[in-house]
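Descriptive analysis of the structure
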Amino acid sequence: MKRNRKILCGLLALVLVVAMSFVTSTNVYAASSSNTYKSSGKMSVVLSVGQTGDSSSVTINVRNLPENAIITKLEVNTGSLTYQGGVLTNYLTISSSNGRSEQIPWNGAANKTLTTSRFLASQANGTYTISFNATCLSGPIVGGSQLNIGTKTYSNPYIVIYWDDSL
């Protein structure tokens, strides 16, 4: 009797394991990846005190992804910073040859990673242009005199494109 119960319990456990393996759904994840695209350029601005303006632009070409690669996330790293005077960074602008553009609020921190929101579900391949907007609050003191211009430069910014080609 005890032996029959053990066999019955063992069979019941086996049936439950097999049944659970059929009932449990299997998650299939689409193949996705990310690529980093570096720039050797600089975004620079020279402004008079009280003036607000846009920096020069950096262009990054993305051409090596599959033709149907779609952006699932796009990040911009602002690069290293040099400056003279008090120049307040207002926002970063990123635009693409695919017709999308976004201004991202940013306090000007160097090597800051900013995440876009307007590039989701767009084509990944294309040309991306990055610049920033700033306001000069004060010039630097040089040789005991305060200048009436300020400068700010971000070197080697880059983008990271997270993409999927099975959407």
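Heads up: the structure comes first, above all this text.
Overview of the structure. (Residues numbered from 1 in each chain as written. Predicted model: local features only at pLDDT ≥ 70, side-chain atom pairs only at ≥ 80, totals over all residues. Heavy atoms only, no water.)

1. What to know about the sheet that holds strand E9 (residues 113–115)
The following threshold applies: Following DSSP output, two strands are said to pair if at least two bridges run between them. A run of H or I in DSSP becomes a helix once it reaches four residues, and a run of E becomes a strand once it reaches two; helices and strands are each numbered from the N terminus. Angles shown run from 0 to 180 degrees and are taken between the N-to-C directions of axes, each axis being a line fitted to C-alpha atoms and, for helices, limited to the stretch in contact.
Taken together, the four strands give an open sheet; going across it, the order is E1-E14-E5-E9, and neighbouring strands pair in antiparallel fashion. In this open sheet, the two edge strands, each paired with only one partner strand, are strand E1 (32–38) and E9. Averaged over all neighbouring strand pairs, the angle between strand axes comes to 25°, with direction disregarded. Here E1 runs beside strand E14 (residues 158–164); their pairing, made up of seven bridges, is antiparallel. Paired with Ser 32 across the two strands is Asp 164, which belongs to E14.

2. Let's talk about the packing of aromatic side chains
Condition: Here a Phe, Tyr or Trp ring, Trp counted by its six-membered ring, pairs with any other such ring whose centre lies within 6.5 Å, and the pair is stacked when the planes are under 30 degrees apart, edge-to-face when over 60, and tilted otherwise. In this scheme, Lys NZ or Arg CZ marks a charge over a ring once it lies within 6 Å of the ring centre and within 35 degrees of the ring normal.
Going through the model one piece at a time under the given rule, you end up with four aromatic pairs. Aromatic pair Trp 106 and Phe 132: ring centres 6.2 Å apart, planes at 85°, arrangement edge-to-face. Taken as a pair, Trp 106 in the loop between strand E8 (101–105) and E9 and Phe 132 in strand E10 (residues 126–138) lie far apart in primary sequence, 26 residues in all. Aromatic rings pair up to connect Trp 106, Phe 132 and Tyr 154 into one cluster. Above the face of the Tyr 162 ring, Lys 73 is positioned so that its terminal group lies 5.2 Å from the ring centre.

3. Observations regarding the nonpolar core
What counts here: The term nonpolar core refers to a set of buried residues drawn from Ala, Val, Leu, Ile, Met, Phe, Trp, Tyr and Cys, joined through side-chain atoms within 4.5 Å. Exposure categories follow from relative accessible area, calculated using a 1.4 Å probe and restricted to protein chains: below 20% of the type maximum is buried, above 50% is exposed, and the middle band is partly exposed. It only takes one pair of heavy atoms within 4.5 Å for two residues to be counted as in contact.
Core analysis: the biggest nonpolar cluster contains 29 residues, and Leu 92, Ile 94, Tyr 128, Ile 159 and Ile 161 have the highest contact counts within it. If you list the elements that add at least two residues to this core, you get strand E2 (42–48), strand E4 (58–62), strand E5 (70–77), strand E7 (86–96), E10 and E14. Broken down by element, the residue count for this core peaks at five residues, all from E10. Among residues more than four places away in sequence, those in contact with Leu 92 are Met 43, Val 76, Thr 78, Glu 102, Gln 103, Ile 104, Trp 106, Leu 114, Ile 130, Ser 131 and Phe 132.

4. As for the pattern of salt bridges
Threshold: By definition here, a salt bridge exists when the distance from a side-chain nitrogen of Lys or Arg to a carboxyl oxygen of Asp or Glu is within 4 Å.
Under the definition given, this model contains one salt bridge. Of the charged contacts in the structure, one is a salt bridge between Lys 73 and Glu 75, with a shortest N-O distance of 3.2 Å. Taking relative accessible area as the criterion, Lys 73 reaches 33% and is therefore assigned partly exposed. Overall, the relative accessible area of 13% leaves Glu 75 in the buried class.

5. Some remarks on the sheet that holds E2
Pairing within the open sheet is antiparallel, and its three strands lie in the order E2-E13-E6. Single-partner strands in this sheet number two, and they are E2 and strand E6 (80–84). Across the sheet, the axes of successive neighbouring strands diverge by a mean angle of 10°, strand direction being ignored. Pairing of E2 with strand E13 (residues 149–155), which is carried by seven bridges, proceeds in the antiparallel orientation. Each bridged residue has a counterpart across the sheet, and for Lys 42 the counterpart in E13 is Ser 155.

6. So, the pairing of E10
Counting buried residues in E10 gives 10 out of 13 residues, a clear majority hidden from the surface. Direction of pairing for strand E3 (residues 52–54) relative to E10: antiparallel, over a ladder of three bridges. By the bridge assignment for E10, Asp 54 is matched with Asn 133. Of the strand pairs in this sheet, E4 and E10 are connected by five bridges, and their pairing is antiparallel. Among the inter-strand pairings, Asn 61 is bridged to a residue of E10, identified as Thr 127. In this structure, E7 lies alongside E10, joined through 10 bridges in antiparallel fashion. Counted as the bridge partner of Thr 89 is Ala 134 from E10.

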